[in-house]
Structures are given as C-alpha cells and as structure tokens.
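# Coordinates in review
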Amino acid sequence: MTPAGTEKFGVSLGGTRRSHNLVVADIRPEAILGLGFLRRHKCAIDVSQSNLKIGEMTRKCHTVGSLGVCRVSLDRTITIPETSEVVVSVPVIGCSEDASYLIEPAATFKEKHSLLAGRTFVKLDESSCVPVRVLNPDLEPKTIGTGTHVGWIEQAQEPEPIKPVTSGLGQKGVLPAHLSSLLKDCSQNLTADQNDRAKSFLRSYAGLFARDDSDLGQCQAHQTRARRVALHARDEFDKELNSMLERKVIEPSTSPWGAGVVLVRKRDGKLRFCVDYRGLNAVTLQDAYPLPRVDDSLDALSGATWFSTADLMPGYWLVEVHPDHKPKTAFATKRGLFQFNVLPFGLCNAPITFERMTESVLAGL
C-alpha cells in the first residue's frame, strides 16, 4: 500500500462526529479504523455482545456481507425515467478484471429513493466499471446524486456452464437417419475435427430438427365437446354468458381449441361458471416465477397492530390476453364457441401471471 498523504477528516460514529488525521490510500475497503483512532477516542469493542463503546456511548456493531465486500456508489448524478430501467456503469476499486462478482442491492437504497437495484452477476469492463441495473416503478422520473449507495459487490464463484439437454433420439454417438443426411451434405468442406463438432452439435439438439416435411413441431389442439347443462341451471348459465359478452370479457371464436364448461355450486348457493382447461394445461410450458410463501407473508405481519386488505373484483379479468393467445382459451357451449379477451380462471400459469403483475404494480411500496 502506497499512501497518497495524510489529511484531517471528520468521522461520524453513532451520531457523534469526531475529527482525526487519516492516511489516504488506494485500498479496497472504504476505511480502516486502527488502534490509534480507538485509543485516542477511548473506544472499546465488546466482541461477545457485538458492541462498540465510544466514551460513555455504546453502539451496536453490525456485519455487512462477508470479508472482501465493497460498497457500490454512483460517481455521477443520473435520472431514471418513469416506469423504466436503466443500466448504469459504476467504477469500483480493488477488483480484478479476471474474476466474477456478485452485486447485492442495499436495503437502504429502496427505502430512501423508492428505486429497485437488480441482483447481478457481473465482470469488470476495461475501465474497471460494473453495470448496475436500476428500476423506477413510479409514474414520475427519479434523480439520484453522486455518492448514492446502491449496493455491495463481492467476488463470486464462476458458475458452471449449462449443458445442452439432449433429445434422447438415437444411441450415444449415433445420429438419427434424418440428421445423418444433413451432416453428410454439410461436411464436404469440413476438417475431421470440425466434422466431429458438427456431429456432436446435431446430436445434442436433435429434437429441434424436423424429421420430414410433415413434422411441423406443433402440439395437437385439445378439443372437448360442449357439455350438457342441467335444465334447472340453463337460465343462470345463459345469464352468466350474456354478462361476460356484454362486459367484453369473452367474444365468439373460430379456434381449433375448445375446453368444456362446468357449473360448480358455491357456498352461497349460486353457480360458478368454470372452464375445464386440463387439456390446455397439459401441453403448457409452466412459468417458474415464485409465488410468495404463506409463512413468509405471515412473518411480515409480526408486531403489526393495524391491517388493511385490497380485494380486486375480479382480479384476473384486469389482465388482458395477447391476441395471438386468445384462441387457446376457447370453450364450447350449446350456443357456440367463445374465447377470453382477459385472463381466465383455470390456466396453470394464471396465478403466476397475476402475481407478477401485482408485484410490479406494488413495487417500492
């Protein structure tokens, strides 16, 4: 370590400001308080209780992260537009360009600025900077100034490369027939090593190649005949169908898909209009977005005295369905085929889609 010089600084500890001559140097930690400082200001550290005593005042000590963690702070003022995300290049000191690092957002950043910083796995660029993702969920721009503490950075273990998932077609080392001809056509100008690599690539991703002209890579549309509605329930069935048509929740459809409708008796005696989407769900790639744990939600209420709730009516119908996906929501009735304009109940990814929307709307609150 080569000192740049000595200067008198004001140091704030536990709300009390004290002056001390500090050595300025290019080091990774923000500051190191040595024995000279602790002795002069009559400081004592109680390791068993994690307390720092400064004269007659005692302050609790906290450990942030692990050894080698550095602060990530802005070196300039930036403005994030409303409902937008920006990637800010932030310089860091004492990090190697060859290593990988993990950026963890600081809890105080969200509390002070109503902004969200992304947890990111990064490497340093040529200017010893790291990219930091900052999201503004509010409906107005936000400006944060130089020196704003965004998060912490520490060296992370290099992740293992993801191995391609093979389709299981053909024995190990043997290409299926439809890929053998493809390899033969493209290997005329390849070296032996390149030919082996091309063969390995085709075998690893065999499931992505069509076997013949009839292999379109599409799943068969699931269709169900319109189910019979009991005579005593037909008036209520038509009433519910007309209500959804008037509110533009559904619309007539010419889709190749078609699910059945089931009427379920609710606790209050009324009938609930349900669509049986089990066939569609069976061929749907399920979203892995995590739903909140009930125990974590209950723990968050610990110590609270006042509680408030919000009940959306009905919440799923506040989410529109993409026009290309509407035909898959079709359901069959005695009056014809209809499809949803909004998110219907019964889809396997509906709760996750609604949860993602809710967290986006409430982010920062």
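See the structure shown above.
Anyway, here's the lowdown on the structure attached to this text. (Residues numbered from 1 in each chain as written. Predicted model: local features only at pLDDT ≥ 70, side-chain atom pairs only at ≥ 80, totals over all residues. Heavy atoms only, no water.)

## Things to note about the overall build of the protein
- Regarding its fold elements, the protein presents 8 helices and 19 strands.
- Every one of the 365 residues in the protein was classed for burial, and the buried ones make up 29%.
- Contacts in the protein between residues far apart in sequence, at least 24 positions, make up 64% of those at least 6 positions apart.
- Counting every atom, the protein has about 25300 Å² of accessible surface; 53% of that belongs to carbon and sulfur. (Helix = DSSP H or I, 4+ residues; strand = E, 2+ residues; numbered from the N terminus. Buried < 20%, exposed > 50% of the residue type's maximum accessible area, 1.4 Å probe, protein only. Contact = heavy atoms within 4.5 Å. Areas by Shrake-Rupley, 256 points an atom, 1.4 Å probe, with all protein chains shown as cover.)

## Concerning the sheet that holds strand β18 (residues 331-333)
- Sheet architecture is open: 3 strands sit in the order β15-β19-β18, paired in antiparallel fashion. Here the strands that pair on one side only, and so sit at the sheet edges, are β15 (250-252) and β18. The mean inter-strand angle of the sheet, taken between neighbouring strand axes irrespective of direction, is 35°.
- Across 3 bridges, the pairing between β18 and strand β19 (residues 336-340) is antiparallel. Considered in β19, the bridge of Phe-331 is made with Phe-338.
- In the packing of helix α5 (residues 234-246) onto the sheet, the strands contacted are β15, β18 and β19, and the crossing angle to β15 comes to about 95°. (Pairing = 2+ DSSP bridges. Axes fitted to C-alpha atoms, helices over the stretch in contact; angles between N-to-C directions.)

## Details of α5
- Between its first and last C-alpha atoms α5 spans 18 Å; for 13 residues at 1.5 Å apiece the expected length is 18 Å, and the two agree.
- Considered for burial, the residues of α5 that qualify are Phe-237, Asp-238, Leu-241 and Met-244. Down the axis, α5 shows its buried residues gathered within 130° of arc, on one side only. Residues of α5 that are exposed and angled more than 90 degrees away from the buried face: Asp-235, Lys-239 and Glu-246.
- Contacts made by the buried residues of α5 are with β15, β16 (260-265), β17 (271-276), β18 and β19.
- Immediately beyond the C-terminal end of α5, within one or two residues, lies Lys-248, with a positive phi of roughly 60°. (Expected span 1.5 Å × (residues − 1). Arc of directions from axis to C-beta.)

## Re the sheet that holds strand β3 (residues 43-46)
- Taken together, 3 strands build an open sheet; the order of strands is β3-β4-β5 and the sheet is antiparallel. The open sheet has two free edges, formed respectively by β3 and β5 (57-60), since each of these has just one partner strand. Each adjacent strand pair in this sheet contributes to an overall mean axis angle of 20°, direction not counted.
- Direction of pairing for β3 relative to strand β4 (residues 51-54): antiparallel, over a ladder of 4 bridges. Bridge pairing links Ile-45 to Leu-52 in β4.

## Quick notes on the nonpolar core
- Of all hydrophobic cores here, the largest spans 27 residues; its most connected members are Leu-241, Met-244, Ile-250, Phe-273, Phe-331 and Phe-340.
- Listed by contribution, the elements that provide at least two residues to this core are α5, β17, β19 and α8 (350-362).
- What Phe-340 contacts, discounting residues up to four positions off in sequence, is Met-244, Val-249, Ile-250, Val-275, Tyr-277, Trp-317, Val-321, Lys-326, Thr-329 and Phe-331.
- Among the nonpolar cores identified, the runner-up in size contains 23 residues, and Cys-70, Ile-78, Ile-80 and Ile-153 belong to it. (Core = buried A, V, L, I, M, F, W, Y, C linked by side-chain atoms within 4.5 Å.)

## Examining the pattern of salt bridges
- Summed over the entire model, instances satisfying the criterion amount to 11 salt bridges.
- One salt bridge in this structure joins Arg-227 and Asp-276, with 2.9 Å as the shortest N-O distance. Taken as a pair, Arg-227 in the loop between α4 (192-204) and α5 and Asp-276 in strand β17 lie far apart in primary sequence, 49 residues in all.
- Two residues, Arg-293 and Asp-295, come together in a salt bridge whose shortest N-O distance is 2.7 Å.
- Note on Arg-293: relative accessible area 52%, which makes it exposed.
- Taking the relative accessible area as the measure of exposure, Asp-295 reaches 33% and is therefore partly exposed. (Salt bridge = Lys/Arg side-chain N within 4 Å of Asp/Glu carboxyl O.)

## Considering α4
- Helix length check: α4, at 13 residues, gives a terminal C-alpha distance of 18 Å against a target of 18 Å (1.5 Å per residue), a fit within 8%.
- Looking only at α4, the buried set comprises Ala-198, Leu-202 and Ser-204. For α4, the arc enclosing every buried residue in end-on projection is 165°, short of the 170-degree limit, so these residues lie on one face.

## Here we look at the pairing of strand β14 (residues 149-156)
- Pairing of strand β6 (residues 70-73) with β14 involves 4 bridges; the strand directions are antiparallel. When the sheet's bridge partners are listed, Val-72 is paired in β14 with Gly-151.

## What about the packing of aromatic side chains?
- With the rule as written, the count across this model stands at 8 aromatic pairs.
- Taken together, a centroid distance of 5.1 Å and an interplanar angle of 45° make the contact between Phe-201 and Tyr-205 tilted.
- By relative accessible area, which is 47% here, Phe-201 ends up partly exposed.
- What makes Tyr-205 partly exposed here is its relative accessible area of 31%.
- Pairwise contacts between aromatic rings join Phe-237, Phe-273, Phe-331, Phe-338 and Phe-340 into one cluster. (Phe/Tyr/Trp six-rings, centres within 6.5 Å; stacked < 30°, edge-to-face > 60°.)

## A few points about the side chain of Asn-341
- Inspection of the secondary structure puts Asn-341 in the loop between β19 and α8.
- Judged by relative accessible area, which is 11%, Asn-341 ranks as buried.
- There is a polar contact of 3.0 Å between the side chain of Asn-341 and the backbone oxygen of Lys-248.
- At 3.1 Å, the side chain of Asn-341 and the side chain of Lys-326 are in polar contact.
- Excluding residues within four positions of it along the chain, Asn-341 makes contact with Lys-248, Val-249, Ile-250, Glu-251, Glu-320, Val-321 and Lys-326. (Polar contact = N/O pair within 3.5 Å; in protein donor to acceptor, adjacent residues only side chain to side chain.)

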